[in-house]
Amino acid sequence: MMKTVALEGVTKRYGSVVAVRDLDLALHAGETVALVGHNGAGKTTQIKMMLGLARPTSGSVRLLGFDPSTAASSIRAQVGYLPESVSFHLALTGRETLGFYARLKGLDSRSLDPALAEVGLIGAADRAIGTYSKGMRQRLGLAQALLGHPRVLILDEPTSGLDPALRREFYAIVSARASEGATVLLASHALTELEGRAHRVVILNQGQKIADGTLDDLRSAARLPVSVRIRPVGRFAAIGWRRLADGSFETEVAAGGKLPLLAWLLSDASAIADLTITEPTLDDLYAHFLRREAA
Ligand SMILES: Nc1ncnc2c1ncn2[C@@H]1O[C@H](COP(=O)(O)OP(=O)(O)OP(=O)(O)O)[C@@H](O)[C@H]1O
């Protein structure tokens, strides 16, 4: 996979505050990476360095092989960026606003309709943004980031304030771009919705990377227990199982004990009406890595 963004040994200080500390991170074409961390963990600082809006105090940042703070505008135009809070001029229409961004990127007005159509705003393109709902404004923000088919898409808290249907649409658009080969970086606090949507998860804490891998990688590194729930056909009595209000039973088993437990349960499958296995969620993993760091 081709590397599109690379940070090597990057530290960024603001006076005595170390916002990012000795960070190595590589992003590749076609990959969707979730960047997660508490408020103040260093996500925005990292994004600013990728965009060339801030320079590292030490270390190197490369965007498509160039230093983003000095690269030609044609290189910087290869990045689409949706900031955490987008504000537009309310008296301008969606099309006028997008036209402004297109000119900044050196694109002509033929790029507007495809971007408006991609986010479902063609019908409202000639209305003033002051009449748009929050979801429509967010979609316009996304259209602005998608303009010109950038090779890298950086989206900061992109779905905050969107309803579940709009979130699904949003991720469908972004995932189509990743399938076409774009690198997608999603900075977010909304961990649950990133499951199954990001190929890789990077967890930041106090400016440092404390985990980086697929959800499966993080699960095997964390070795958190798996929860197993069964609904027995008749009577069920076994040590270490909790009886729940609905008559089902639940237990936690260490990651390595899951298959032996299932083999034991299924040795008499007729005694079980239903079985559910719940793997640790991204929320659980995030909490685990932060606890481990604090310890
Ligand atoms: N321009 C600046 N001057 C001084 N300190 C700064 C500046 N920008 C960021 N910081 C500090 O650097 C640290 C990292 O901030 P950053 O905004 O990168 O975190 P974040 O993970 O994006 O947080 P959030 O989720 O709240 O947006 C914080 O302690 C912040 O106060």
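Along each chain, residues carry numbers from 1 onward, in the same order as the chain's sequence is written. Given that this is a predicted model, residues contribute local features only at a pLDDT of at least 70 and side-chain atom pairs are listed and counted only at 80 or more, while totals for whole chains, interfaces and linings are drawn from all residues.

Formally: UniProt positions are given in the numbering used here, feature names are shortened, and annotations may be inferred rather than shown by experiment.
Going by what an unreviewed UniProt entry lists, the chain is known as Cu-processing system ATP-binding protein and is assigned to Amaricoccus macauensis. The record held by UniProt for the chain lists under Sequence similarities (unreviewed entry) the comment "Belongs to the ABC transporter superfamily."

## Section: the site of the ligand
Short version of the rule: What makes a residue near a molecule or strand is its C-beta atom, placed from the backbone, lying within 6 Å of it. Only DSSP runs of H or I reaching four residues or more are called helices, and only runs of E reaching two or more are called strands; each is numbered from the N terminus. Polar here means any residue other than Ala, Val, Leu, Ile, Met, Phe, Trp, Tyr, Cys and Pro, which are nonpolar, and Asp, Glu, Lys and Arg, which are charged; Gly is therefore polar.
Close to the ligand lie Tyr14, Val17, Ala19, Gly37, Asn39, Gly40, Ala41, Gly42, Lys43, Thr44 and Thr45. The set of elements that each furnish at least two residues to the shell around the ligand consists of β2 (17-28) and α1 (43-51). Of the residues forming the shell around the ligand, the biggest block, three residues, is contributed by α1. Across the shell around the ligand, the residue classes tally to four nonpolar, six polar and one charged.

## Here we look at the UniProt feature "domain: ABC transporter" (unreviewed entry) in the chain
As recorded in UniProt, the sites labelled "domain: ABC transporter" (unreviewed entry) are residues 5-231. Here residues 5-231 is 32% helix and 29% strand, with 49 Å between the C-alpha atoms at its ends.

## Structural notes on the sheet that holds strand β9 (residues 208-213)
Which entries qualify depends on this criterion: Only when DSSP finds a minimum of two bridges between them are two strands counted as paired. Lines fitted to C-alpha atoms define the axes, with helix axes restricted to the stretch in contact, and inter-axis angles between N-to-C directions lie between 0 and 180 degrees. Note on contacts: each residue gets a C-beta atom placed from the backbone, and two residues are in contact if those atoms are within 7 Å.
Here we have six strands laid out as an open sheet, ordered β5-β6-β7-β3-β8-β9, and mixed in their pairing. A strand with exactly one partner marks an edge of an open sheet, and here the two such strands are β5 (79-82) and β9. Averaged over neighbouring strand pairs, the angle between their axes works out to 15° when direction is ignored. Pairing geometry for β5 and strand β6 (residues 152-156), over four bridges, is parallel. The residue of β6 that forms the bridge with glycine 80 is leucine 153. Contacts from α1 reach β3 (32-36), β5, β6, β7 (183-188) and β8 (200-205), with the element oriented near 150° to β6. Across the sheet, helix α5 (residues 134-146) lies against β5 and β6, angled at about 165° from β5, the strand it touches most.

## With respect to the domain arrangement of the chain
What counts, and what does not: Note that domain bounds follow an automatic or database assignment of domains.
Each domain of the chain was delimited in the assignment, giving domain 1 (1-78 + 150-160 + 177-222) and domain 2 (225-279). On a C-alpha basis, the centroid separation for the pair domain 1 and domain 2 is 40 Å.

## Points about the environment of alanine 269
Topologically, alanine 269 is positioned in the loop between α9 (258-266) and β13 (272-278). Separated by 221 residues in the primary sequence, alanine 269 and lysine 48 place their C-alpha atoms 56 Å from one another.

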